[in-house]
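Here is what each chain is made of, one letter per residue.
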Amino acid sequence: MTAPAPLPFDDSRRLTGPNLYFADAGVVLETGVGAPVPRALIDGWRQRIERARAVLDWPDGPVVVRDHATGASLAFAAPADRLYTATEVNEWAWLSTLAAAGMDTGEPALQPAHAPINDDDAAFRILRAAAAAEHLPRLRALRESALAHKLPLLLDDEQLSIGLGTGSLTWDNPALPLPHEVPWQALHTIPVALVTGSNGKTTTVRLLTAMAIAHGWHTANSCTDGIYLDGALIEDGDYSGPGGARALLRNRQAQAAILETARGGLLRRGLGVERADVALVTNVSPDHFGEYGIHDLDGLAEVKLTVARAIGTAGTLVLNADNQLLRRHAARLDAPLAWFSTDDGHPLLKQARRDGRRSCGVRDGRLRLFDGVAAHDLGAVADMPLTLGGLAAHNVQNCAAAALAAACLGISPDTIRTVLARFGRAHDDNPGRLQRWTLGGDVQVYVDYAHNPDGLQHLLGLVRQAHHPAGRLHLLLGQAGNRSDQAIAELAATAASFRPDHVVLKDMDSAYMRGRESGAVAQLLRDALLHGGVAADAIVECLDEAEATRLILADARAGDSLVLPVHGAATRARVVALLDQLQAQAWSAGDALPAPAPAR
């Protein structure tokens with residue numbers, strides 16, 4: 001049986017910063033179904049990339065082929081101001097290779113808009129013209145001057161900036177200055193931390209931001225909920241990609257920046273900044289398989305560890321010693337490492353102390369920070385509000401991670417200790433992440449993001465520990481449409497393993513549907529729950545998140561635990577407002593609910 005012919009390509013995109021493939025700007029093309037891609041095709045593509053570089057007078061740089069389960073990712077470094085042209089080069093090189101091999105190159109709409117695949121001379125004339133139109137003639141000299149002044153340069157489609165935060169200046173690309181016109185003495189950098197991982201990113205970003213603010217810095221942070229300055233929302237939305245990072249780093253009020261750095265942005269565009277003082281990886285667990293050639297945990301770990309490309313010899317990569325994948329992949333990294341753990345006696349933490357490197361872990365119920373010279377007691381874990389009396393083991397890790405990253409930024413142990421002792425006490429500290437209400441004295445309600453099996457496992461495990469033995473467990477359950485059927489079933493299987501008494505299935509906000517029809521995800525969840533032993537009459541479908549929450553509240557009885565993974569920011573605001581209202585009016589299970597607030 002012959003293997004299926006490769007599709008022309010599934011995706012072709014620009015990489016505007018350090019990325020999975022190399023530390024430069026460039027482009028990548030996903031070949032599509034057809035693994036393994038024959039070596040002759042790969043060789044033909046490489047030869048055409050080399051020829052195009054020579055014709056366009058582009059510098060040499062990395063050319064990377066990453067084979068995976070559904071084809072190959074074909075990437076090469078290219079000038080940062082000619083990336084649109086570089087995507088056309090990549091598409092031309094791949095389709096020309098297929099055509100030369102007598103293979104189908106797909107519909108004309110799938111072919112490069114400007115470079116014909118059957119006439120190399122015409123293709124190169126068109127590509128030269130495209131590159132010339134895109135080129136920023138002053139960029140190279142500005143980049144060299146910025147490098148000489150040890151200053152970062154950020155470039156996007158509209159603007160270029162030099163320096164960061166309070167020490168930055170930004171120009172529109174058509175009006176770039178000459179190097180001698182830049183007031184170099186007025187420019188400088190600011191402390192920058194990158195935070196990534198499968199779970200805990202947003203909580204850790206918020207906690208680390210609180211520490212930076214307490215240190216006295218006007219601190220900007222980005223996360224999946226928006227971009228903020230000193231805790232005040234500047235703009236809501238998912239800003240966990242490079243666009244959000246650049247927006248914050250150009251904010252001339254910012255004296256420090258804490259940037260959530262999500263998998264999607266890393267794969268689509270790369271990092272938003274070339275250098276950071278600290279990069280933190282909270283953990284790596286199963287999530288988002290099947291996109292952009294990432295099909296397993298090792299591939300996902302490689303994506304998360306892209307942040308290491310931003311760490312030079314003066315920076316620090318902060319890793320979770322309790323995560324087996326991170327321990328294994330750390331062996332290939334050149335960046336200086338600092339480890340955190342729930343066990344201060346972990347071998348990696350002990351070795352770090354012997355080497356005079358920073359670490360943070362729990363000993364005898366207390367969080368202990370080693371700053372490279374001395375140990376500091378940061379307080380009892382059970383007294384830190386984020387840990388819910390020490391029951392929330394994942395938040396113990398987040399506390400250790402943030403404390404260690406803060407120390408790497410130069411924040412004092414006293415400041416770290418003070419923030420850990422108060423952060424999480426108020427609902428506004430960490431909205432949508434492990435928020436808890438006690439209603440009527442005996443109904444426990446938890447609102448959390450819990451978007452993958454590992455996150456849901458942690459959340460439901462915590463709830464079971466605190467759960468009243470006679471009470472029932474209610475669960476709101478949904479999933480984003482861009483997960484595979486298997487991943488959706490695995491989330492439901494995790495839920496089923498905790499034997500919930502009542503499950504309400506929902507859709508997520510339209511932004512999360514990702515091409516699935518309304519109710520399609522709920523049906524997959526239902527099937528997996530039934531397979532996992534949940535009774536059919538315990539499963540209810542109510543696709544609207546806010547209405548599903550009200551349905552669970554209406555069904556609650558004394559002693560019950562209500563677990564509400566709410567994902568839409570607008571819906572979450574309505575749910576939190578409702579729970580605050582119920583708590584304020586001393587609502588008890590069985591009481592009527594107030595009329596729903598109108599959606600905004």
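Heads up: the structure comes first, above all this text.
The structure contained in this document is the topic of the report that follows. (Residues numbered from 1 in each chain as written. Predicted model: local features only at pLDDT ≥ 70, side-chain atom pairs only at ≥ 80, totals over all residues. Heavy atoms only, no water.)

1. Some details on the pairing of strand 14 (residues 316–320)
- Within strand 14, five of the five residues are buried, leaving the element largely enclosed by the surrounding structure.
- Taking every second residue as pointing to the same face, both faces of strand 14 are buried, with Thr316, Val318 and Asn320 on one and Leu317 and Leu319 on the other.
- In this structure, strand 13 (residues 278–281) lies alongside strand 14, joined through four bridges in parallel fashion. Bridge pairing in strand 14 places Val278 opposite Thr316.
- As judged from the four bridges shared by strand 14 and strand 15 (residues 337–340), these two strands associate in the parallel manner. Looking at strand 15, one finds that Asn320 is bridged to Phe340.
- Taken together, strand 14, helix 9 (residues 324–330) and strand 15 constitute a β-α-β crossover, and its handedness is right-handed. (Buried < 20%, exposed > 50% of the residue type's maximum accessible area, 1.4 Å probe, protein only. Helix = DSSP H or I, 4+ residues; strand = E, 2+ residues; numbered from the N terminus. Pairing = 2+ DSSP bridges. Right-handed = clockwise from strand over helix to strand, strands pointing away.)

2. As for the layout of surface pockets
- The calculated volume of the largest pocket comes to roughly 1,500 Å³.
- As for the largest pocket, its lining consists of 50 residues, of which Asp24, Arg143, Leu147, Leu153 and Glu274 are closest to the centre.
- Those elements giving two or more residues to the lining of the largest pocket turn out to be helix 4 (139–148) and strand 5 (153–155).
- Of the residues forming the lining of the largest pocket, the biggest block, six residues, is contributed by helix 4.
- For the lining of the largest pocket, the per-class residue count stands at 26 nonpolar, nine polar and 15 charged. (1 Å grid on protein atoms, 1.4 Å probe; cavity = no way out; pocket = protein on both sides within 12 Å on 5 of 7 lines; lining within 4 Å. Points joined across faces, edges and corners; volume = space filled by probe spheres on them. Nonpolar A, V, L, I, M, F, W, Y, C, P; charged D, E, K, R; others polar.)

3. Quick word on unusual backbone geometry
- Phi at Leu388 is positive, roughly 50°, even though this residue is not glycine.
- Mapped onto the secondary structure, Leu388 falls in the loop between strand 18 (375–380) and helix 11 (393–408).
- A relative accessible area of 15% places Leu388 in the buried class.
- With phi around 55°, Ala586 is a residue other than glycine that occupies positive phi space.
- Structurally, the position occupied by Ala586 is in the segment after helix 17 (569–584).
- You can call Ala586 exposed: its relative accessible area is 55%.

4. Comments concerning the nonpolar core
- Grouped together as the largest cluster of nonpolar side chains are 50 residues, with contacts concentrated most on Val192, Leu194, Leu249, Leu259, Val281, Leu317 and Leu319.
- In contact with Leu319, other than residues within four places in its own chain, are Val281, Leu305, Leu326, Ala330, Leu333, Leu337, Ala338, Trp339 and Phe340.
- With 41 residues, the next largest nonpolar core counts Ala193, Val205, Leu207 and Val318 among its residues. (Core = buried A, V, L, I, M, F, W, Y, C linked by side-chain atoms within 4.5 Å. Contact = heavy atoms within 4.5 Å.)

5. Re the side chain of Glu30
- Position of Glu30 among the secondary structure elements: in strand 2 (residues 26–30).
- In this structure the side chain of Glu30 is engaged in a polar contact, spanning 3.5 Å, whose partner is the side chain of His68.
- Sequence-distant contacts of Glu30, defined by excluding residues within four places in its chain, comprise Phe9, Asp10, Asp11, Arg13, Tyr21, His68, Ala72, Ser73, Tyr292 and Gly293. (Polar contact = N/O pair within 3.5 Å; in protein donor to acceptor, adjacent residues only side chain to side chain.)

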